[in-house]
Every structure is written in structure tokens, then in C-alpha cells.
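Each chain is listed here by its residues.
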Amino acid sequence: MVICLVILIMTRFNWYSRRVVSQILKVQVSNDAQFDALFDDLFVKYTSSSELISVDSIHGGMLTELTYSVGLKKSSKIQEFLTEIKKLNGNNRVTLIAGYNSTDL
């Protein structure tokens, strides 16, 4: 009985669960987009931290791929976050990779 209670409490409060510290967000934008502050409002709303890691030219220079390290807020709705990003980037590809800080890019 005591063991069941301990397990129930551990499950309820997520004790000893692995937390994802950060995630990798890859966003493709058109070459003419001013990406410096394009996603700032969304990052404030949905993330606790965000950092631009890399900027790459892809598809023969027609698109720019931005790679961010983001820490989503606990209350963030991932689907809404990705949908709002797609609205700002012209419905280009958006990829969110769940992982640790050591995720191989």
C-alpha cells in the first residue's frame, strides 16, 4: 500500500522524470525575409529561452534555414507555436527536434 502511494505521488509530480532542457528549431524562410526579429514575439510568448545557432543558405540560395536552440515554456502548446511560425515564414518548412543540449546538428 505504501509503495503504491509513493508511486502515485512520484507520477503526479513527475519526480525523476527526464526533462528536455532544450530543443532544436529549424525554420526555412525566403531569402528576402528580415529574420533578425521576425520570430521575437513568438519566442517571448512560447519559449523560456531562444538562441540563434546557425544561418544556412539552402536550395541553391533560394531559401535561408535558421537553426535555433529553444526552451519551450511548460504551458506552451507546440502545435500552436509551429502554426504561428508557419504563418510568419510563408508556410515554408518548420522542424522541431526534441533532445538535449548535446543534439548533433
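One can find the structure itself at the top, above this paragraph.
Below is a short write-up of the structure.

**Re helix α1 (residues 2-12)**
For α1, a buried count of 0 out of 11 residues is recorded, marking the element as mostly open to its surroundings. Phi turns positive, to about 55 degrees, at Asn14, one or two residues after α1.

**What about the packing of aromatic side chains?**
Overall, the coordinates contain 5 aromatic pairs when judged by the stated rule. With a centroid separation of 6.3 Å and 90 degrees between ring planes, the pair formed by Phe39 and Tyr68 is classed as edge-to-face. Note that Phe39 is positioned in the loop between β1 (22-30) and α2 (40-46) and Tyr68 in strand β3 (residues 63-72), a separation of 29 residues in sequence. Here the two residues Phe39 and Tyr68 agree in accessibility, since each one is buried. On the basis of an interplanar angle of 70 degrees and a centroid distance of 4.9 Å, the ring pair of Phe43 and Tyr68 is categorised as edge-to-face. Taken together, the residues Phe43 in helix α2 and Tyr68 in strand β3 connect sequence positions 25 residues apart. Among the aromatic side chains, those forming a connected cluster through ring pairs are Phe39, Phe43, Tyr46, Tyr68 and Phe81.

**Brief notes about a nonpolar patch on the surface**
There is a patch of nonpolar side chains on the surface, built from Leu5, Leu8, Ile9, Phe13 and Trp15 and spanning about 540 Å² of accessible area. Position of Ile9 relative to the elements: it lies in helix α1. Among the residues examined, Ile9 registers a relative accessible area of 31% and is labelled partly exposed.

Here is what the cut-offs are and how they apply
- Residues numbered from 1 in each chain as written.
- Predicted model: local features only at pLDDT ≥ 70, side-chain atom pairs only at ≥ 80, totals over all residues.
- Heavy atoms only, no water.
- Buried < 20%, exposed > 50% of the residue type's maximum accessible area, 1.4 Å probe, protein only.
- Helix = DSSP H or I, 4+ residues; strand = E, 2+ residues; numbered from the N terminus.
- Phe/Tyr/Trp six-rings, centres within 6.5 Å; stacked < 30°, edge-to-face > 60°.
- Patch = residues over 30% accessible without salt bridge, like charges linked within 9 Å, V, L, I, M, F, W, Y side chains within 5 Å.
- Areas by Shrake-Rupley, 256 points an atom, 1.4 Å probe, with all protein chains shown as cover.
- Salt bridge = Lys/Arg side-chain N within 4 Å of Asp/Glu carboxyl O.

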